[in-house]
Amino acid sequence: MSALLSVADAHVAYGKVEAVRSVSLEVGAHEIVTIIGANGAGKTTLLNAVMGVLPLRGHVGFAGQDLAQLEIEDRVGLGLSLVAEHRELFWTMNVEDNLLLGAFRSARSATASSFERVYALFPRLKERRKQLAGTLSGGEQQMLAMGRALMGAPRLLMLDEPSLGLAPIIVADIFRTVGELRSAGVSVLLVEQNAQAALKIADRAYVMELGEFVLQGPARDIERHEGVAASYLGFQHTGESAI
Ligand SMILES: Nc1ncnc2c1ncn2[C@@H]1O[C@H](COP(=O)(O)OP(=O)(O)O)[C@@H](O)[C@H]1O
Ligand SMILES: [Mg+2]
């Protein structure tokens, strides 16, 4: 079975500085894959390059197509979607209109069922559908950013630090929803500094350091790996789960 997303020997540079070096990665259908790593490791750079926001040297394929010549819009059309770290909502528009913007390429009939699907995943958004995005809590804003991406019915959702700045109880909520997406047939590529939460939910994981993948495998194995536990899971500090 071929992977939904397949990246091979990818390099991404800012001018002369390579921020991503020789990275290879696959995400299969019905799979949650996480990339964990410290701040500055190159995670956001990699996601942006897969989406087409930054130029990438190497191979990126999605759903059997080579993405090299495709603009961002065409990648979205194939079913690839990115929820950026800064969420990028339209603050002076309400929840419903923000969601509608995520469905701009869909037929009207499809839009109605997309609203239903998103509101089922995030009942809170339905309650707040007339509220301005700028007045939502951080957790609700993250839900809205994910909801908007899901309005286009993507096959792969890439999430950049969805837990950033959120209280643990909200993080648990967001991650539960990520699990529901997998059940609904959406694959997820999850980038997180909250390694503990990410490894709990993911099927497979890649560990990124200074632009390179240094470790990969089933999430359960990565979670138990001594070096990962010491560097990313904070066991030496608290021994407690972050969620
Ligand atoms: N726009 C940019 N211009 C130059 N260097 C950048 C830019 N964005 C990120 N970098 C550098 O690239 C490296 C990877 O950053 P980033 O992908 O944001 O890491 P992460 O998402 O893992 O925190 C860092 O050294 C960072 O300073
Ligand atoms: Mg980042």
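Data block above holds the structure.
None of the values given here were measured: they were computed from a predicted structure.

A. Layout of the pattern of salt bridges. Using the criterion set out here, one finds 12 salt bridges in the structure. For Glu140, the salt bridge goes to Arg124, with nearest N and O atoms at 2.9 Å. Residue Glu140 is located in helix α6 (residues 138–150), and its partner Arg124 is located in helix α5 (residues 123–127); the two are separated by 16 residues in the primary sequence. Of the residues examined, Glu140 reaches a relative accessible area of 5% and is grouped as buried. Among the charged side chains, a salt-bridge network with shared partners connects Glu96, Arg129 and Lys130.

B. Spatial organisation of the site of ligand 1. For ligand 1, the full set of nearby residues is Tyr14, Ala19, Ala38, Asn39, Gly40, Ala41, Gly42, Lys43, Thr44 and Thr45. In this structure, an oxygen atom belonging to ligand 1 sits 2.9 Å away from a main-chain N or O atom of Gly42. Side-chain polar atom of Thr44 to an oxygen atom of ligand 1: 2.8 Å apart, as the coordinates give it. Of the residues forming the shell around ligand 1, the biggest block, three residues, is contributed by helix α1 (residues 43–51).

C. Geometry of the sheet that holds strand β10 (residues 212–218). The sheet built from six strands is open, its strands ordered β6-β7-β8-β3-β9-β10 with mixed pairing. Of all strands in the sheet, those bounded by a partner on one side alone are β6 (80–83) and β10. Direction aside, the axes of adjacent strands within the sheet are offset by 15° on average.

D. View of the sheet that holds strand β4 (residues 57–62). Across the sheet, four strands lie side by side as β2-β1-β4-β5; this open sheet has antiparallel pairing. Looking at which strands have only one partner, the edges of the open sheet turn out to be β2 (17–27) and β5 (65–66). As paired strands, strand β1 (residues 5–14) and β2 are joined by seven bridges and run antiparallel to one another. Directly across from Ser6, in β2, lies its bridge partner Glu26. α1 rests against β1, β2 and β4 of the sheet, and its axis sits at about 115° to β1.

E. Examining unusual backbone geometry more closely. One non-glycine residue with positive phi stands out, namely Asp9, at about 50°. A relative accessible area of 41% places Asp9 in the partly exposed class. With a phi close to 50°, Glu161 is a non-glycine residue in the positive phi region. Position of Glu161 relative to the elements: it lies in the loop between β7 (156–160) and α7 (168–183).

F. Geometry of the layout of surface pockets. The computed volume of the largest pocket comes to approximately 600 Å³. Looking at the lining of the largest pocket, the elements that each hand over two or more residues are α1, α2 (72–78), β6 and α6. With four residues, β6 is the largest single contributor of residues to the lining of the largest pocket. Across the lining of the largest pocket, the residue classes tally to 15 nonpolar, five polar and five charged. Reported here for the second largest pocket is a volume of approximately 170 Å³. Looking at the second largest pocket, it is lined by 15 residues, and the ones nearest its centre are Leu54, Leu56, Leu67, Ala68 and Arg75. Among the elements of the structure, β4 and α2 are those that each provide at least two residues to the lining of the second largest pocket.

Cut-off values and rules
- Residues numbered from 1 in each chain as written.
- Chains lettered and ligands numbered in written order.
- Predicted model: local features only at pLDDT ≥ 70, side-chain atom pairs only at ≥ 80, totals over all residues.
- Heavy atoms only, no water.
- Salt bridge = Lys/Arg side-chain N within 4 Å of Asp/Glu carboxyl O.
- Helix = DSSP H or I, 4+ residues; strand = E, 2+ residues; numbered from the N terminus.
- Buried < 20%, exposed > 50% of the residue type's maximum accessible area, 1.4 Å probe, protein only.
- Near = heavy atom within 4 Å.
- Polar contact = N/O pair within 3.5 Å; in protein donor to acceptor, adjacent residues only side chain to side chain.
- Pairing = 2+ DSSP bridges.
- Axes fitted to C-alpha atoms, helices over the stretch in contact; angles between N-to-C directions.
- Contact = heavy atoms within 4.5 Å.
- 1 Å grid on protein atoms, 1.4 Å probe; cavity = no way out; pocket = protein on both sides within 12 Å on 5 of 7 lines; lining within 4 Å.
- Points joined across faces, edges and corners; volume = space filled by probe spheres on them.
- Nonpolar A, V, L, I, M, F, W, Y, C, P; charged D, E, K, R; others polar.

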